[in-house]
Amino acid sequence: MSAPLLRFSRARLAFGPLEVLRELDLEVRAGEFVALVGPSGCGKTTILNLASGWLAPTAGAIDRSAGVRMVFQQDGLFPWRTVGENVRLGLRHVADEAERARRESEFLALVDLSPFAGHYPHQLSGGMRQRAELARALAGDASLLLMDEPFSSLDYLARLRMRAELARLLEEQPRTVVLVTHDIEEAAQLADRVLVLSERPARIREEVRLQAPRPRAATDADVVRAVHHILTLLGLESDRETSAVARGGLEVR
Amino acid sequence: MEATHRSQAPPARRHARRGLWIGLVGPVVLVAAWAVLAAARLFPESLFPSPLAVARGLAIEATSGRLWDDAVASLFRVTTGFLLSVALGVPCGLLLGRSPWAREAFLPLVNFFRSLSPLAWIPFAILWLGIGDPPAIFLIFMAAFFPVVLSTAAAVASIPSVYFRVARDLGLAGGELLWQVTLPAIAPHVITTLRVTAGLSWLVVVAAEMIAGRDGLGFAVWDARNGLRIDLLAANMVVIGIIGVALDRVLVGLTRIPSVRWGYER
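All values derive from a computational prediction rather than experimental measurement.

What to know about the overall build of chain A
Part 1: The secondary structure content of chain A amounts to eight helices and ten strands.
Part 2: Expected size for 253 residues packed as a compact globule is a radius of gyration near 18 Å; at 19 Å, chain A falls within 12% of this value.
Part 3: In terms of its C-alpha atoms, chain A occupies a principal-axis envelope of roughly 55 × 40 × 35 Å.
Part 4: Relative to its full complement of 253 residues, chain A shows a buried share of 43%.
Part 5: Counting contacts in chain A only where the partners sit at least 6 residues apart, residues at least 24 apart contribute 68% of the total.

If you want it as structure tokens, here you go:
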């Protein structure tokens, strides 16, 4: 088994009397896609902030053995740069100018935005902006992507498209991903492991594994079962019997 | 049908042409009302000159060369004072915007000086710097510097933190962070402030030249008043207004730079 790219060891975070995380243990291995779901305000984004190094834990340790890149909920593209220039910023580690230009074109083509290289972000739709942001993140040399509700500001149809798009992009440009989302269906369609968090202070209540290969449809049996199970865990699905049936075949830890 | 389509200018050009015509409506109405009032002789000609008298005054000032000399003198003072205030005000604003310590230490002082009318400095300006360019430049600086500092500081403080997080991920720091993130992020806001402070500077230079000048459009207004040449006074006022509008149009041009359009189109 590969060594973890990211490891939280009894990580604790408190802001004065407010305890956000309590002794969280978490490992993410190379190539994994891990989704974090949980009640609003439980500390999901805080976990990403700790993972990226933006916050430091009050106690415990967080080890990263890979370069990290965040993809944010709100627009992280620089609005004063064109889409092409934004993607090129992600290629700062490439010294050769011609190679940078080649890779910029390659990543823009990957997200189907080649005709929009000279457009500014405000001239694109929300979905196109998210695709550009993904291109910039993938263009970097970071092997760990931390995604904080990246599609939450999109409309439902655009969200569905972006899920499929992300699954396709990861096929072509494999990365290790930690995704924070409040969309249980999105987590079940994309992740290898869904970590269900408790109320604050967050701890992992349960880990749901999904074996089916991506892309997964929302109607796939595995996805439906996982969604029902997670909703029940979060107290949003009261039909225990349905949940018990749905749980059959799911690997739960 | 096809011929009709061919004969039409592109929509953008049509719109610009229509805008130009509509923009002339206000000045034409104003001059017409002015001409009617002057023709009605409600006030003596020596107190209320007609548009024709002012146009003649304008021609006299222009052909004598004085109008150009005065306009150049005023523009030099405004440009120097304004550029000085921007060159020093933007860095100070950056410091105040980024450093809570600097904000706490200096913001009350900036607000204090901002509340002082620049015209209150006129006696000091004359005592310290005499007559001519230096006092006018000093007064323009005092008028523009503090608004530029405050506005830049506010713009920096309101940059979304997500930009700094992305910059950190991308390895941008120090000078690169300043040139590639901070300055472009505040550019639209700063350009708007420049428009406001350029207008303010133009107001101040006229006032400063009235009292502490030997030339310039403000001095020309004062000189015309002393010589009871109300036509020349009004002619200089017209020129001051036209240059003020032209200055603003130049700065509006900055808002058309593609990399700052995002700040005006959200």
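Some points on the nonpolar core
Part 1: Within the largest apolar cluster, 136 residues are counted, with the highest numbers of intra-cluster contacts made by Ala135(A), Val194(A), Leu139(B) and Ile140(B).
Part 2: At 17 residues, the largest contribution of residues to this core is made by helix H7 (residues 133-157) of chain B.
Part 3: If we skip the residues at most four places from it in the chain, Ile140(B) touches Arg77(B), Val78(B), Gly81(B), Phe82(B), Ser201(B), Val204(B) and Val205(B).

Examining the confidence of the model for chain A
Part 1: For chain A, the average pLDDT comes to 86, and 93% of its residues sit at 70 or higher.
Part 2: Long-range and interchain partners of residues 241-246 of chain A, a stretch whose pLDDT sits below 50, account for nine contacts in this model, where long-range means more than four residues apart.

What about unusual backbone geometry?
Part 1: With an omega dihedral of -5 degrees, the bond running from Arg200(A) to Pro201(A) counts as a cis peptide bond.
Part 2: A cis amide bond links Arg214(A) with the next residue in sequence, Pro215(A), at an omega value of -5 degrees.
Part 3: Within the secondary structure, Pro215(A) sits in the loop between strand S9 (204-209) and helix H7 (221-233).
Part 4: For Asp112(A), which is not glycine, the phi dihedral falls at a positive 65 degrees.
Part 5: Among the structural elements, Asp112(A) can be located in the loop between helix H3 (97-110) and helix H4 (126-139).
Part 6: A positive phi angle, close to 55 degrees, is found at Leu228(B), a residue other than glycine.
Part 7: Relative to the helices and strands, Leu228(B) is located in the loop between helix H10 (217-226) and helix H11 (230-254).
Part 8: Judged by local crowding, Leu228(B) falls into the exposed class, with 10 C-beta atoms found within 10 Å.

Concerning the environment of Asp215(B)
Residues and elements named next belong to chain B.
Part 1: Residue position: Asp-215 is located in the loop between helix H9 (174-212) and H10.
Part 2: Placed 169 residues apart in sequence, Asp-215 and Ser-46 show a C-alpha to C-alpha distance of 24 Å.
Part 3: What Asp-215 contacts, discounting residues up to four positions off in sequence, is Asp-69, Asp-70 and Ala-73.

Regarding H7(B)
Residue and element names in this part refer to chain B.
Part 1: Over its 25 residues, H7 extends 36 Å from the first C-alpha to the last, a length consistent with the 36 Å expected when each residue adds 1.5 Å.
Part 2: Ala-144 marks where H7 bends most, by close to 25 degrees; the proline Pro-147 follows one to four residues later.
Part 3: Here H7 lies mainly inside the structure; 20 of its 25 residues are buried.

Side note on the pairing of strand S6 (residues 144-148) of chain A
All names here are of chain A.
Part 1: Burial analysis of S6 places five of its five residues in the buried class, which makes it a mostly covered element.
Part 2: Judged by which residues are buried, S6 turns out to be covered on both faces: Leu-144, Leu-146 and Asp-148 on one side and Leu-145 and Met-147 on the other are all buried.
Part 3: For strand S5 (residues 68-71) and S6, the ladder comprises four bridges, and the chain directions are parallel. Directly across from Met-70, in S6, lies its bridge partner Leu-146.
Part 4: Relative to strand S7 (residues 176-180), S6 runs parallel, the two sharing five bridges.

Here's the deal with H10(B)
All names here are of chain B.
Part 1: Within H10, seven of the ten residues are buried, which leaves the element mostly enclosed by the surrounding structure.
Part 2: Along H10, the positions that sit buried rather than exposed are Leu-217, Gly-218, Phe-219, Ala-220, Val-221, Asp-223 and Ala-224.
Part 3: In this structure, the buried residues of H10 make contact with helix H4 (66-98), H9 and H11.
Part 4: Phi for Leu-228, located one or two positions after H10, is positive at around 55 degrees.

Conventions and cut-offs
- Residues numbered from 1 in each chain as written.
- Chains lettered and ligands numbered in written order.
- Predicted model: local features only at pLDDT ≥ 70, side-chain atom pairs only at ≥ 80, totals over all residues.
- Helix = DSSP H or I, 4+ residues; strand = E, 2+ residues; numbered from the N terminus.
- Rg over C-alpha atoms; globule rule 2.2 N^0.38 Å.
- Buried ≥ 20, exposed ≤ 12 C-beta atoms within 10 Å, placed from the backbone.
- Contact = placed C-beta atoms within 7 Å.
- Core = buried A, V, L, I, M, F, W, Y, C linked by C-beta atoms within 7 Å.
- pLDDT = per-residue confidence, 0-100.
- Expected span 1.5 Å × (residues − 1).
- Bend = angle between axes of the 7 residues up to and from the residue.
- Pairing = 2+ DSSP bridges.

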